[in-house]
Amino acid sequence: MNKNLITIIGLLALILSSCSGVRIATMRQSKMEQLELGMSKSQVVNILGSSYSIAQKEINNTDTIEVISYRNVPFDEEFYLFRFKDNKLEKWYREFQPIYREPRP
């Protein structure tokens, strides 16, 4: 009885943990296709979710510039940057974090 219960709990934990990665992923084509230049930051966040980082924030002359960044989970080396000028989406682009490897001897 105990072995069956432990097996069931183990399988349940495995199933639930494998599904969590699907829910965490943020940058799906269906979401990206909803974005349009000129959208407000709140409209973009409503589409992509609130799990972003602020990469840059400044006032340039009279314009407020803010850049937010989303990681493309589970591909942690890939991320998207969204630039807002006066709270309007001006552009977005994808970047890759460099992966440094030790040279082979």
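On a predicted model such as this, the values are computed, not experimentally measured, just so you know.

**Let's talk about the overall build of the protein**
Next, step 1: Along its length, the protein carries three helices and four strands.
Next, step 2: Traced from its N-terminal end to its C-terminal end, the protein shows the element sequence α-α-α-β-β-β-β.
Next, step 3: Residues classed as buried in the protein amount to 25% of the 105 residues present.
Next, step 4: Split by element, the accessible area of the protein, about 8,100 Å² in all, is 55% carbon and sulfur.

**Quick word on the pairing of strand 2 (residues 63–72)**
Consecutive residues of a regular strand have side chains that alternate between opposite faces of the sheet.
Next, step 1: Where burial is concerned, most of strand 2 is hidden: seven out of the ten residues are buried.
Next, step 2: Sheet topology places strand 1 (residues 53–60) next to strand 2; seven bridges connect them, and they run antiparallel. Paired with Ile54 across the strands is Ile68, a residue of strand 2.
Next, step 3: Once strand 1 ends, the chain turns through two residues before running back antiparallel as strand 2, passing Asn61 with a positive phi of about 60°.

**Quick word on the pattern of salt bridges**
A side chain with one charge can pair with a side chain of the opposite charge if their charged atoms come near.
Next, step 1: For the structure on display, the rule yields four salt bridges.
Next, step 2: The partner of Lys85 in a salt bridge is Asp63, and the shortest N-O contact between them spans 3.7 Å. Placement of the pair is Lys85 in strand 3 (residues 75–85) and Asp63 in strand 2, with a sequence separation of 22 residues.
Next, step 3: For Lys85, a relative accessible area of 32% corresponds to the partly exposed category.
Next, step 4: A salt bridge links Glu78 to Arg94; the nearest nitrogen and oxygen atoms lie 3.0 Å apart. Note that Glu78 is positioned in strand 3 and Arg94 in strand 4 (residues 88–96), a separation of 16 residues in sequence.
Next, step 5: On the basis of relative accessible area, Arg94 is assigned to the partly exposed category, the value being 46%.

Calculation rules
Residues numbered from 1 in each chain as written. Predicted model: local features only at pLDDT ≥ 70, side-chain atom pairs only at ≥ 80, totals over all residues. Heavy atoms only, no water. Helix = DSSP H or I, 4+ residues; strand = E, 2+ residues; numbered from the N terminus. Buried < 20%, exposed > 50% of the residue type's maximum accessible area, 1.4 Å probe, protein only. Areas by Shrake-Rupley, 256 points an atom, 1.4 Å probe, with all protein chains shown as cover. Pairing = 2+ DSSP bridges. Salt bridge = Lys/Arg side-chain N within 4 Å of Asp/Glu carboxyl O.

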